[in-house]
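Geometric and topological summary
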Amino acid sequence: MPTPSFDAIIIGGGVNGLACAGRLAQAGQKVLVLDAADTPGGGALTAEFAPGYRVDGLAHLVTHLDARMLAALKPEGHGLEWAVGSMATTALSSDGGHLTLNGAYGENVQGLDEDEAQRWAALRGRLLRHTEILRPLREITPPLPGKGGGKGNLLALGRAGLNLRRLGREDMQEFLRMILINVHDVVQEDLTDDRLRGLLAFDATLGTFLGPRSPNSLFLLWHRLSGDAGRIRWPRGGMGALASALAEAVRAAGAELRCAARVDRVLSDGDRATGVRLESGEEIAARCVISTANPRTTFLDLLGARQVETGLVRRLNNIRMRGTAAKLHLALKGAPDFRGADLRHRLVIAPSSDTVENAFNHIKYGEFSPAPVMEITCPTAHDSGFAPDGHHVLSIVAQYAPYSLRGGWEAGRDALQAAILKQLEAHAPGIGELVTAVELLTPADIAARHGLVGGSWHQGDLAVEQMLFMRPAVGIARYATPMPGLWLAGAGSHPGGGISGTAGWNAANEILGAA
Amino acid sequence: MKDTAAPSTPRSSNCIWDAVIVGAGHNGLVTANYLARSGLDVLVVEKNDWIGGAAVSRELYPGFTYSNCSYVCSLFRPEIMRDLDLPAHGLQVLPYEGGAVFQRDGGYLATYRDHEANRREIARHSPRDAENYDRYARDLMRHCRFIRPLLMRTPPDPASFKPRDLSEMAYLARQFLALGADEAADMVRFWTMSISDYLDEYFENDTLKAYMTVAAITGTALGPMSPGTAYVLLHHYMGDVDGNIGAWGYARGGMGAVSQALAASFRGAGGTLRENAPVARILVRSGRAEGVVLEDGEEILARRVISNMDVKRTFLNCMDPTDLPEAFLGRVRSFKSRGSSGKLNIALDGAPEFPALPDGSPCLRGDLHFTDSVERAERAYDDWKAGRWSADPFQDTMIPSMIDPTMAPPGKHFMSCFVQYCPPKLRNGADGERDWTDNDRDAFGKAVIDQIEDYAPGFKQRILHVEVRTPRELEAEVGLTDGNIFQGELTFDQLLFNRPVPGYAQYRGPVPDLWMCGSSTHPGGGVMGAPGRNAAAEILRSMRGGVGNRAEMRDAYPVL
C-alpha cells in the first residue's frame, strides 16, 4: 500500500458525499470523491428517459437542503438557480374542487371554507412550532444516552429542551402527547376537510413503511417539515443541475471527483481503514474512508462481515429497508388537464386519510396498491428544456409498492403501471391519449439502479425507532464506526436522506473534530 | 370523623362520607380498600346488581360460571394481593399450562410454561428459532425489569416545575441513562416498534410469531404490524403468577373471585358497598366535588368523589360541562377508547376434541389459537379499520373448567373465547356508521364458532348456551365507553404522563376533591389494580396529617 495521498476518500458522490467533501476540502483536507455513476449526484439526477424527454430520475423536489452547506459552498456561484423558490401544493379532487396550499406549507390556502381555514391555521401553527423543537437536532451528531456526546451536541440537546419549555405548558404537553401519535387521529380530530386530511396523511407517510393510522406517523410529518419549514423548491434544470452545481462548488473547494469509479472494497490493515479498492482493481490509499453507501452494504459487503463484531452484524441486518414508492415518468404530447389544476404546483392525489390507509394495506402483504396515492410534478411547466415544444413530462412518486412483489415484478409491473395510469386518468381525463412514452421504476428497479438496498430511498426506513442515536444502529450512529478511519456519512445516518446534505455535513464536522 | 354506624345501614342524605367511589370495578375496590384501611369512611356505589365491572363471574346458564369479560389473571399486582390480604379473602390463582396454535395444514405448535419444554417444541418447528428463543426471553425480561417498577409510581408531569415532578423526572432520566447506550437503544426501539418487526429480528417461523403476537394486540385497536404493539406485549407480559414473570393463571371461581375477594377485604375493613345504585351525576358545588346524585335522585355527600369509570363516561356523561375547563373537556373528547374486541362465553356438554392434538395433550388446559400467521392477524385488523368484524377472527380461547372444577358441572366445560377484531360501530355504506344489531351480534358469534368447528369437528353439537358480547354489550353492561376493555387505548399518546390526558395523569380530576382511579389512568388496563392503588396513594398523600393509620402500601417488587 503506497503512502496515502488523500486525507479522505468519500464513497459516493450523492448530495451527502458532496456535502462532506466540500466541508472537508474547505477545511484544508485533500479529498477524493468516488462515484459509481457517470455523473455525481446520486438520487439527485436528471436524465433522458425517452428520446427528447428528460426528467428527475429519482428525487424530484427539494424540501430540506442544508443551509450550512449552501452558505459555505455557495452552489449559486456555480450555476444553481431556483426555478421555483416556493412551490404550492394542490390536493387534487376528482370533481375539480381542488385545494391549494400556498407558501410554506399552506401559509394561505385556497379552497377551504372559513371555519376550516381557521382550524388549519391553528393546526399548521402547532405543527410548525413543534417542528422547531426538532430542527436544531438535525444538525448535531446524535448524543448517546448515558455518555456525553460532545459539548456542542449536549448544548443543542439542551437548547431543544429549553425550546420545548418555552412553548408553554399547554403546547409542551401537546408536543409530548403527539410525539408518537398517528397522523390519522390528528387530522380526524382537528380538521374536517377530507382533501386536507388526505394531503397531511400522504405527506406524513411519503417514503415510509407506515400508513396514516400507524402510530408514530405524525413524527415523520414533523421530520419532513423540520427541513425547510415546509418550503418546497425546485432547481432550474432539475435535480441534476443542483447536483452538478454542488459538484462544481466542491471541486472549487479543492476536492477531486472521479465518476464511473465503483468501489468494491474498503481496505483495512485489521486495525484501521487504509483506503479502497475499485472494481477495476485499482487501490487508493487514504487516511480515512467515508462511506455514503448504505450502512449494511458498507460493513457487510465493502468492509466484509468478518471484520465486524457479531452484535453489530445483527444490528445491521435488523435495519429495516423497505422501499414503498415507485416512480413513473410520462412523456406527453400535450398538456394534461387535472381539471384545471395549475401544473406548476406539486399535485397530490390522496383524497382522504382512509384512501392513503387503504393504499398502505396492500404493501403489508407484499402487494402493490391497486389505487395508489401519488405526488406529481410537471417539470415542463417551469422549464422548457425537458421536452420538445408543446410536449410535457410528468414525474410521479406513487405509493405503495413493495420491493419484493408477491409473484415477482416481472409479472406485476404492467399491472402497477396500469393502476397508476388509471388513477391519473380519473383525475386528468384523457391523459392516457397523450402518453407517448413511459418509464416505470419499481422499488426493485430503484434498488438496482441506485444501490439503494430494499429500494429504500433513505438507506433505511424513516421510522422513530431508526432515528437519532438508533440511526443506522446504536454504535455507529455518531458517524464514526468501530473500525478506526472508517466513517459513515450517508442517508442511512442521522438525520436521514431526502437531498439535504445534512448527514454528510454533520459527519464532516465530526471528522474534523469540530463537533 | 369516622361514622360509627354499621356499614350495612343505609345512610340518610345529610351524612357525609370521607369518600364515595363510583363503580365497583377492581380498581375502584382497590382504592376503596386502601382508603378504608387508612381509617376513612368509604362508600362504593355500583350501577349493576353485581360487582366487579369487567372482573366478574356470573351464572347465565344453570350450573355454569362464566368469566364474562376478563378471563385470565396475571397482571394483578402481587403487592396489592399481599397488602389487602386477598388470599385470605378467597382469591386463589391457578396457573395454567401453555396452550396451542392450530395450523391450517392440520399441525400445531404447543406452548408450555416451562422454558426448556417450550424451546424443545419450538425446535420442532425451527431449530434456529429455538436458539433465538433464549435471547428473546432474556431481552424481554430486561425490558420488564425496567418497566415494572414504573407501574406503581405516579407519573411526573413533565410540564410542571414542582419539586416532586422535577425529582421524579430526574429519577426516570437516571434510570434510563443507567442503561447505557446499547440497552437504551434496545429499549426505545422496543417501545416504538411493531411486534411484527420486533419478532422478525428473532424468529422465522410464522406460527411461532403468530403465537407471540397474541399479547401484543390483545385489547388494542392496533394490528401486529402497527408500531407501538411491542410495548403492548410487555404490558401483558410483565404480569406474574406466584413470581413467575409472564405466567398466566385462572382465578378459581372465575375472574369475579378477584372482585369478591376485594369486596370481602373492603367490608372487613369497615367499608360500605351499594349495588343497584347507578350514579346520574357527580355533584360540584362551590367549585369542588361534593358527592353524587343517583339516578333515583338520592344525593350522597362526600368529602371526595373518586371515579372508577373511564374518563369519557366520568366527564362527558356524569358531569355538568360548565363545571369543567374547556381545554380539559376537549382532550377528554379526543381520548381514544375504541373497542376492538368481542367475547364468546360458551357452556359445553363435553370437552371439545381437537384432532390435531395428541391424546391427553396438556395444551387444552391453556390458551388455544387458530391464527397461524402474523398476516392473518393483520388482515383481521384491516377488517376492524374498515368497520366490520373479522371474517377470519383472531381468538384467545380457553377452557378454564379443565383446571378449575368450580366453573362447570362434572364432565361439562366452560369455554371463554376472546375475539378480535370487533369494531365499536359498523360501517354503513361509504362513510356512514351504524350501531350493532342483534343480528350482527349473532353473525359475529357464528363466525367465531365456525372457526372453532373447523379445528374441532363436532364442537357445535356440544354447545348448550352461548353468550356473545360485542363492544355494544360491553358498554351497556360494564359501562366501558365504546367497549374498550382498557378504558382507553394503550398508545403512547395515552400512556404515562399522557394518561388519561396531559396534565391530569396524577389521578386528580380538574375539580378539587374529584379523583380518578380507573384503567383510564396510568398504567392502564388489564386486571392489574395498579391504577387503583396509585390513586389511593395520591389521595392519602393529599390528606397529609389527616390520616390516622395509613394502610400498608408496598413498593413494587423487583424483577429478578
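Residues numbered from 1 in each chain as written. Chains lettered and ligands numbered in written order. Predicted model: local features only at pLDDT ≥ 70, side-chain atom pairs only at ≥ 80, totals over all residues. Heavy atoms only, no water.

On the side of chain A, 38 residues touch chain B, which itself brings 43 residues to the contact. Both sides of the chain B and chain A interface together cover about 3,700 Å² of buried area, and 52% of this is carbon and sulfur. Together, Pro227(B), Arg331(B) and Lys385(B) form the three largest contributors to the area buried by chain B at its contact with chain A, with a combined 14%. In this structure, the connection of chain B to chain A is made through 12 salt bridges. Ionic pairing is found between Asp197(B) and Arg320(A), a salt bridge with its closest N-O pair at 3.1 Å. On the surface where chain B and chain A come into contact, there are 24 residue pairs in polar contact (both at pLDDT 80 or more). Going through the elements one at a time, helix H5 (163–177), helix H6 (180–192), helix H12 (326–333) and helix H13 (374–385) of chain B are the ones with two or more residues in the side of chain B that touches chain A. Top contributing element to the side of chain B that touches chain A by residue count: H6(B), with nine residues. (Contact = heavy atoms within 4.5 Å. Buried area = accessible area lost by both parts, 1.4 Å probe. Salt bridge = Lys/Arg side-chain N within 4 Å of Asp/Glu carboxyl O. Polar contact = N/O pair within 3.5 Å; in protein donor to acceptor, adjacent residues only side chain to side chain. Helix = DSSP H or I, 4+ residues; strand = E, 2+ residues; numbered from the N terminus.)

All right, on to the domain arrangement of chain A then. All names here are of chain A. You can read the domains of chain A as domain 1 (6–44 + 64–81 + 236–320 + 459–514) and domain 2 (118–225). Measuring from the centre of the C-alpha atoms in domain 1 to the corresponding centre in domain 2 gives 27 Å. Contacts between the two partners involve 20 residues from domain 1, matched on the other side by 20 residues from domain 2. Carbon and sulfur atoms supply 62% of the area that domain 1 and domain 2 bury against each other, a total of about 1,800 Å² over both sides. Between Arg68 and Glu139 there is a salt bridge, with its nearest N and O atoms 3.7 Å apart. (Domains from an automatic or database assignment.)

All names here are of chain B. If you trace the five strands from one edge of the open sheet to the other, you get S12-S3-S2-S16-S24, paired in parallel fashion. Single-partner strands in this sheet number two, and they are strand S12 (272–274) and strand S24 (514–516). Strand-to-strand twist in this sheet, taken as the mean axis angle between neighbours without regard to direction, amounts to 20°. The pairing of strand S2 (residues 19–22) with strand S16 (residues 305–307) spans three bridges and is classified as parallel. In the strand pairing of S16, Val20 is matched with Val305. Contacts from helix H10 (residues 256–268) reach strand S3 (42–45) and S12, with the element oriented near 130° to S12. (Pairing = 2+ DSSP bridges. Axes fitted to C-alpha atoms, helices over the stretch in contact; angles between N-to-C directions.)

The next point concerns empty space enclosed by the protein. Applying the stated rule across the entire model yields 10 cavities of 30 Å³ or more. If you add up the space inside the largest cavity, you get close to 110 Å³. If you trace the largest cavity, you find 13 residues lining it, with Leu180(A), Trp191(B), Gly228(B), Thr491(B) and Phe492(B) closest to the centre. Class assignment of the residues belonging to the lining of the largest cavity gives a composition of nine nonpolar, four polar and no charged. (1 Å grid on protein atoms, 1.4 Å probe; cavity = no way out; pocket = protein on both sides within 12 Å on 5 of 7 lines; lining within 4 Å. Points joined across faces, edges and corners; volume = space filled by probe spheres on them. Nonpolar A, V, L, I, M, F, W, Y, C, P; charged D, E, K, R; others polar.)

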